[in-house]
Amino acid sequence: MADHTGKKVKNGTGMSLDTNSIKMTTLLSFVIFALFLVMVLWGLTNFFLNSYYERARAQEVIRTADALENQFSQDLSNFDTYAVQVADTNSLYIQLDTTDDSFIYDGTRAAKDLGDFKYDVEKIKRDLEASGQDSITQTERDSSGALSRLAYAAKVSADDSSVLVIIAPLYPDRVTVRIIRRMLIYISFIVLLVSFLLAFALSVRLSSPIENLTRSAKELSQGNYDVKFNGAGFTETKELARALNKASYEMEKTDFYQREIIANVSHDLKTPLTMIRSYAEKIIDITGDNPAKRNADLAVIISETERLNKLVSDMLSVSNLQSNNVEMHMETFDLVEAARSVYESFSVLASSEGFDMHFHPCKQAYVVGDRSRLIQVMNNFVSNAVKYSGDSKYIDIKLTKSSKKVTFHCIDHGVGIPSDEIGHVWDKYYRTSANHERGIEGTGLGLAIVKGLLNLHSAKYGVESEEGKGSDFWFEMETVKKPSAKKSGEEKDKKG
């Protein structure tokens, strides 16, 4: 039973046939095309066979008449033999009238008894004489109009005393028609059979890779990331399979990262919350009356609260970047000066934790961007360098300027990044293996935030790293001319 859309029907076995499927559409298209060809073939046979036969027959009669005239003028002694052969071969009625006699060569009775052509001969001869021409051609039809004949007459002697007359039936005999139609039946059957077999084979070949991809996609939708897409057969399906395999890999990777971030965030939330509760209870039960101890405990609570705030802020930033809900305050400023402020904020580590940090500025390099956001990017690079600098604790902050571009580099000489992980460091939730090996804290959101912010600034960025030798995180921006004092003041007023 067909549904209300008419797209599926039930066959004899109760199975539904989808008329919109590639297999069925291809099969039906080929079969319909084959039926169209057969109909055209039969139509041409029924409606144009007689007219085509008449034209072809008339052309053949003219060529035969020219040959007979040449034979008469060049080799009269063999004319009888040649005329008999031509009449029998071509089913013609040939009559040669001379001053002495009349010769008839009738080859038409071999196909069918056509009766006496005397009337046609006399008529064409009278018309030839009246026309004053050397030859004429006429078409004669019986009273029904179904049987037509071509009459040809020509003067073949120098003194015009000899006349050649040819009468030719202009319709195929019934035996020939029956044979042609019987052949058409066989041809039609063969065409339909071959078309059906070819259509079935082609439809299967077209639909098989798509059906395989569909089955694999269903498995992927059920969470089976190990499924492999195979689009063998056509270039387009191979490309689709490659794209789906990549999508499957990315989905598996994202799912893995999401599980990782849930575990990391759960751990990062649980630890400070536990400490906040513990120290709060300690203040209530023990240190509430001791100002020094109470302040120390409150400092721990504040520190853990800031840690929680940083985690929530990072997650909120990623969410805003994904939804394009980031408010940007564009201005023209000196990137070198902004980088110097970042260096100075971290330089305290040089004395407090023994870091050897160096700043290598270039000449002034003005860019157009959100100063606070780009400082956030540079802070993230330097913060990562501090985390991964290893025992060397050596960090270089470098700016280079060439042509109309300025590049910020943050280089550490620490653990580096494995070559198979470099392509993933910008992904959200991602944390390098060094995090787990060295117990480095982080949610894996920092570089994802950096990536989003740099994309908003249309900046180029990247990382060069070698495991065990350190990393170089960088970004590059277009420089602009230094703004005039008046314009700079206007920007500050707007900002204020």
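Residues numbered from 1 in each chain as written. Predicted model: local features only at pLDDT ≥ 70, side-chain atom pairs only at ≥ 80, totals over all residues. Heavy atoms only, no water.

1. Considering the overall build of the chain
Next, step 1: Within the chain one finds 12 helices and 14 strands.
Next, step 2: For the chain, with 496 residues in total, the buried portion stands at 36%.
Next, step 3: Only carbon and sulfur atoms are counted for the fraction: they give 55% of the accessible area of the chain, which is about 29600 Å². (Helix = DSSP H or I, 4+ residues; strand = E, 2+ residues; numbered from the N terminus. Buried < 20%, exposed > 50% of the residue type's maximum accessible area, 1.4 Å probe, protein only. Areas by Shrake-Rupley, 256 points an atom, 1.4 Å probe, with all protein chains shown as cover.)

2. Focus on the nonpolar core
Next, step 1: Counting residues in each nonpolar core, the largest one holds 42 residues, and the members touching the most others are M378, F381, L399, F408 and F475.
Next, step 2: Looking at this core, the elements that each hand over two or more residues are α7 (335-346), β9 (356-360), α9 (371-388), β11 (394-402), β12 (405-412), α11 (446-456) and β14 (470-478).
Next, step 3: Counting residues in each nonpolar core, the second largest holds 20 residues, with V61, I94, L96 and L170 among its members. (Core = buried A, V, L, I, M, F, W, Y, C linked by side-chain atoms within 4.5 Å.)

3. Some points on the pattern of salt bridges
Next, step 1: A complete count under the given rule lists eight salt bridges for this structure.
Next, step 2: The salt bridge involving R242 is made with E239; its shortest N-O contact spans 2.4 Å. Of the two residues, R242 and E239 are both situated in helix α5 (residues 235-285); the distance of three residues between them amounts to about one turn of the helix.
Next, step 3: Residues E478 and K405 are paired through a salt bridge, measuring 2.6 Å at the closest nitrogen-oxygen approach. Placement of the pair is E478 in strand β14 and K405 in strand β12, with a sequence separation of 73 residues.
Next, step 4: On the accessibility criterion, E478 (47% relative accessible area) is partly exposed. (Salt bridge = Lys/Arg side-chain N within 4 Å of Asp/Glu carboxyl O.)

4. Quick word on the confidence of the model for the chain
In low-pLDDT segments, the atomic positions of the prediction should not be examined closely.
Next, step 1: Scored by pLDDT, the chain comes out at a mean of 79, with 81% of its residues at no less than 70.
Next, step 2: At the low end of the mean pLDDT range in the chain sits helix α10 (residues 433-438), at 48; at the high end sits β12, at 95.
Next, step 3: When the criterion is pLDDT under 50, residues 1-6 qualifies, and its contacts beyond four places in sequence or with other chains add up to six contacts.
Next, step 4: Below pLDDT 50 for its whole length, residues 110-114 participates in six contacts with residues either more than four positions away or in separate chains. (pLDDT = per-residue confidence, 0-100. Contact = heavy atoms within 4.5 Å.)

5. As for the sheet that holds strand β3 (residues 93-97)
Next, step 1: Taken in spatial order, the five strands make up an open sheet running β4-β3-β7-β6-β5, and their pairing is antiparallel. Edge positions in the sheet fall to β4 (102-106) and β5 (135-141), since each has one partner strand and no second. If you compare each strand with its neighbour and ignore which way they point, the axes differ by 15° on average.
Next, step 2: Bridge count between β5 and strand β6 (residues 148-155): seven bridges; the pairing is antiparallel. (Pairing = 2+ DSSP bridges. Axes fitted to C-alpha atoms, helices over the stretch in contact; angles between N-to-C directions.)

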